[in-house]
Amino acid sequence: MQIVRLYKKKIIHSDGSIYEGTGYDRNGEFIRSGKGLEYNKFGLLVYDGDYAENRRHGTGTLYKCGAIYYEGEFRDGVEHGTGSLFDPCFFIYKDYPFADSTKGPLLYEGDIADGLRHGRGCEYAYMLVNKKFQRYLVYSGDFYEGWHHGKGKEYDPVPDNNSGRIHSRLAYEGDFIEGCRDGKGKEYHEEDGRLWYEGDFVNEAWHGKGREYADDGTLVYEGDFVNNTWHGKGREYADGAAPVYDGEWAGGERNGTGIEFHENGRVYYNGEWANGEKNGKGKVYYENGRLCYDGEWGNNVANGSGRLYYESGQLCYSGSFVNGTCTGAGRLYSKDGTLYHEGRFHNGEPVADTTGNALNFLNSAATTGRSLTWFLDLLKEAGPLLLSAVF
């Protein structure tokens, strides 16, 4: 076994850089090994640490501009293992000095591979609080070739001017791909740290399946998201418990087919929607579950042809609707199913025929002792069901 004898030597290279430390001779060449120092051509310290086979290998410290930039482990000439990174340009903080003037602010501590943040680690940033720079945690988790990549947590700074301190509040926890929130995760409000969203992310956006929560923490929506908006199939909630709507969405509005619910949880409306309004074909139900209206819709009210029912389930009116009222040709029935008028209506009232005679229904009303007032009362009873406020 050959014994290697180390000795100290100072080498000045042709470019003016200097090595000063231990090594040994091999075939007439000095091989750096053991402890050593490197200086640049301006005489500033560049490296202080271990060497093996002419390379930085072991533990050591790198310097930039005379300040520590990295301290930790090296392998085959590059930063590799566990270590800490510092901001070497700490002179920008000169009016608010740090405890250790030989080091800049800590930027990262954790795993390093081939000179890059790789593995598990923590990142830090700084904020001015009461004329002093305070450190806070920015990210903790997995790194891959310098990126936030894998599982991790991001934080928001929360300054406290009274104490002069700064705290880190969780902003996101979940999956990352090349520095972006991507995969499964949870996002929290910057103001108070409450849960805002949990689900799928794509390139920083809510995208896929997820849940959104209100300011009080109650569930607002669960379903499909596209670029931070409700889009696809989803369910909207009131007070985090009772569903308000269950169906299709586009651009954050009800679009397609969907169901709206009464406060008691029963179906209120089941049909088509456009731009957040009832539009197309749809049905409205009473709170007891019986059918109230079945027909066409436009601008969130009954528009077109349709049928209106009493709460008992008996047909009340069949015909044309305009802006939520009986307008056009139609038939009106009593609660017992008796036909009282067949003809034209306008804004919920019967219209006289072309001869100027009383309405057609009066012919039958005279034989039954019914009056015009009686008919208008009947229509008034059903009328509220036709108003837009009901639908």
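Residues numbered from 1 in each chain as written. Predicted model: local features only at pLDDT ≥ 70, side-chain atom pairs only at ≥ 80, totals over all residues. Heavy atoms only, no water.

Visitor: What is the right way to read the overall build of the protein chain from this model?
Guide: On a plain count of helices and strands, the protein chain comes out with two helices and 27 strands. Put simply, the protein chain has 391 residues, and 41% of those count as buried. Once local pairs closer than 6 in sequence are excluded, the contacts in the protein chain between residues at least 24 apart make up 18%. (Helix = DSSP H or I, 4+ residues; strand = E, 2+ residues; numbered from the N terminus. Buried < 20%, exposed > 50% of the residue type's maximum accessible area, 1.4 Å probe, protein only. Contact = heavy atoms within 4.5 Å.)

Visitor: I keep staring at the pattern of salt bridges and nothing clicks. Help me out?
Guide: Side chains bearing opposite charge may pair, as long as their charged atoms lie close to each other. Here the structure, examined in full by the defined rule, presents 22 salt bridges. Of the charged contacts, one joins Lys35 and Asp50 as a salt bridge, the two residues approaching to 2.7 Å between their closest N and O atoms. Of the two residues, Lys35 is situated in strand β3 (residues 29-39) and Asp50 in strand β4 (residues 45-52); the sequence distance between them amounts to 15 residues. The exposure class assigned to Asp50 is buried, which follows from its relative accessible area of 15%. Residue Arg56 pairs with Glu38 through a salt bridge whose shortest N-O separation is 3.0 Å. Residue Arg56 is found in strand β5 (residues 55-64), and its partner Glu38 is found in strand β3; the two are separated by 18 residues along the sequence. Residue classification places Glu38 among the buried residues on the basis of a relative accessible area of 15%. Here the salt bridges share partners, and the residues they tie into one network are Glu236, Arg254, Glu260 and Lys278. (Salt bridge = Lys/Arg side-chain N within 4 Å of Asp/Glu carboxyl O.)

Visitor: Before we go on, may I ask you to explain unusual backbone geometry in this structure?
Guide: A negative phi angle characterises most non-glycine residues, just as the trans form characterises most peptide bonds. Its identity is not glycine, yet Glu53 carries a phi of approximately 55°, on the positive side. Residue position: Glu53 is located in the loop between β4 and β5. Not every positive phi belongs to a glycine, and Asn203 is a case in point at roughly 50°. Secondary-structure assignment places Asn203 in the loop between β14 (195-202) and β15 (205-213).

Visitor: What is the right way to look at the packing of aromatic side chains in this model?
Guide: For the structure on display, the rule yields 28 aromatic pairs. Taking the centre distance of 5.2 Å and the plane angle of 85° together, the rings of Tyr269 and Trp297 count as edge-to-face. With Tyr269 in strand β20 (residues 267-274) and Trp297 in strand β22 (residues 291-298), this residue pair connects regions lying 28 residues apart in the sequence. Accessibility classification places Tyr269 together with Trp297 in one group, the buried group. Taking NZ or CZ as reference, Lys64 lies 4.2 Å from the ring centre of Tyr69, over its face. Over the ring of Tyr124 we find Arg135; its NZ or CZ atom is 4.9 Å from the centre of that ring. (Phe/Tyr/Trp six-rings, centres within 6.5 Å; stacked < 30°, edge-to-face > 60°. Lys NZ or Arg CZ within 6 Å of the ring centre and 35° of its normal.)

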